[in-house]
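Residues per chain are reported as follows:
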Amino acid sequence: MRALYCAGRGAADMHEASIALSLIDVASEVLREHGAARASALTVRVGQWSSVVPEALTAAFPACAAGTGLEGARLSVVTVPGVGECPVHGRVTLDVTRGLRCPECGAPTPTLLAGDELELDELELVEPDLEDV
Ligand SMILES: [Zn+2]
């Protein structure tokens, strides 16, 4: 019942805990596909505009990974800046403190071209052979 265990860590962590669990699900699927039992590290891309707090995700991860193939794996979070499309300036990197607006002219850029992702980028597998040593 790792879901309950994670959720029991407090309301503030629940969001990141559920995200950690879904990442672990995705990673576990990759492990299965490669016939690997465990991973030693994983890299996750988190958009600056997703609602995920990287620190909270990193904090929630170890407890959520306990008992899975990701137990003890090192989690690295890569932050992806937001990119919007200004009618005047084209693709612009957004400033989170200013909202969905072009940092040059302030025009609204309601569409995020990047920066709201949350995805598994890399997974370092532990070779089954090495495990028995
Ligand atoms: Zn602009």
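Residues numbered from 1 in each chain as written. Predicted model: local features only at pLDDT ≥ 70, side-chain atom pairs only at ≥ 80, totals over all residues. Heavy atoms only, no water.

**Side note on the overall build of the protein chain**
Right, so step 1: Within the protein chain one finds four helices and six strands.
Right, so step 2: Overall, the protein chain shows an N-to-C arrangement of helices and strands of α-α-β-α-β-β-β-β-β-α.
Right, so step 3: Counting every position in the protein chain, which comprises 133 residues, the buried fraction comes to 36%.
Right, so step 4: Within the protein chain, contacts between residues at least 6 apart in sequence are counted, and of these 70% link residues at least 24 apart.
Right, so step 5: Total accessible area on the protein chain is roughly 7,500 Å²; 52% of this is exposed by carbon and sulfur atoms. (Helix = DSSP H or I, 4+ residues; strand = E, 2+ residues; numbered from the N terminus. Buried < 20%, exposed > 50% of the residue type's maximum accessible area, 1.4 Å probe, protein only. Contact = heavy atoms within 4.5 Å. Areas by Shrake-Rupley, 256 points an atom, 1.4 Å probe, with all protein chains shown as cover.)

**Let's talk about the pattern of salt bridges**
Right, so step 1: For the coordinates displayed, the defined rule picks out two salt bridges.
Right, so step 2: With a shortest N-O distance of 2.7 Å, E29 and R32 are connected by a salt bridge. Taken together, the residues E29 and R32, both in helix α2 (residues 11–34) and three residues apart, mark about one turn of the helix.
Right, so step 3: The closest approach of N and O atoms between E119 and R45, which form a salt bridge, is 3.1 Å. Of this pair, E119 sits in strand β6 (residues 118–126) while R45 sits in strand β1 (residues 38–47), placing them 74 residues apart in sequence.
Right, so step 4: Taking the relative accessible area as the measure of exposure, E119 reaches 36% and is therefore partly exposed. (Salt bridge = Lys/Arg side-chain N within 4 Å of Asp/Glu carboxyl O.)

**Regarding the UniProt feature "binding site: Ni(2+)" (unreviewed entry) in the protein chain**
Right, so step 1: Mapped onto this numbering, the UniProt entry gives "binding site: Ni(2+)" (unreviewed entry) at H15.
Right, so step 2: With respect to the helices and strands, the residue H15 is situated in helix α2.
Right, so step 3: Residue classification places H15 among the partly exposed positions, given a relative accessible area of 35%.
Right, so step 4: Filtering out sequence-adjacent residues up to four positions away, H15 remains in contact with S51 and V52. (UniProt positions renumbered as here; feature names shortened; annotations may be inferred.)

**Re the coordination of the zinc ion**
Coordination angles at a metal have ideal targets, namely 109.5 degrees for four tetrahedral donors and 90 or 180 degrees for six octahedral donors.
Right, so step 1: Distances from the zinc ion to its protein donors, C86 (SG), H89 (ND1), C102 (SG) and C105 (SG), fall at 2.0 to 2.3 Å.
Right, so step 2: Angles of 103 to 114 degrees at the metal separate the four donor atoms of the zinc ion, which places the site in the tetrahedral class.
Right, so step 3: Counting gaps between the donor residues of the zinc ion yields the pattern C-x2-H-x12-C-x2-C. In this pair, C86 sits in strand β3 (residues 83–86) while C102 sits in the loop between β4 (90–93) and β5 (112–114), placing the two residues 16 residues apart along the sequence. (Donors = N, O, S within 2.8 Å, 3.2 Å for Na, K, Ca; no water. Tetrahedral: all angles 85-135°; square planar, octahedral: opposite > 155°, others 65-115°.)

**Here's the deal with the sheet that holds strand β2 (residues 74–80)**
Right, so step 1: Strand order in this open sheet of three strands is β2-β1-β6, and the pairing throughout is mixed. Either end of the sheet is taken by a strand with one partner, and the two such strands are β2 and β6. When strand polarity is set aside, the average angle formed by the axes of neighbouring strands in this sheet is 15 degrees.
Right, so step 2: In the sheet, β1 pairs with β2 via seven bridges, with the strands oriented parallel. Across the sheet, the residue bridging to G47 is V80, located in β2.
Right, so step 3: Across the sheet, helix α3 (residues 54–65) is in contact with β1 and β2; its angle to β2 comes to roughly 165 degrees. (Pairing = 2+ DSSP bridges. Axes fitted to C-alpha atoms, helices over the stretch in contact; angles between N-to-C directions.)

**Focus: the nonpolar core**
It is characteristic of soluble globular proteins that their nonpolar side chains tend to be buried jointly.
Right, so step 1: By size, the foremost hydrophobic cluster in this structure holds 22 residues, and its most contacted members are L42, L57, F61 and L70.
Right, so step 2: Within the residue set of this core, elements represented by two or more residues are α2, β1 and α3.
Right, so step 3: If one sorts the elements of this core by residue count, α2 sits on top with eight residues.
Right, so step 4: Every residue in contact with L70, bar those within four places of it in the chain, is listed here: I24, A27, S28, L31, A39, L42, F61, A65 and L123.
Right, so step 5: C86, L94, C102 and A107 belong to the second largest nonpolar core, which has five residues in total. (Core = buried A, V, L, I, M, F, W, Y, C linked by side-chain atoms within 4.5 Å.)

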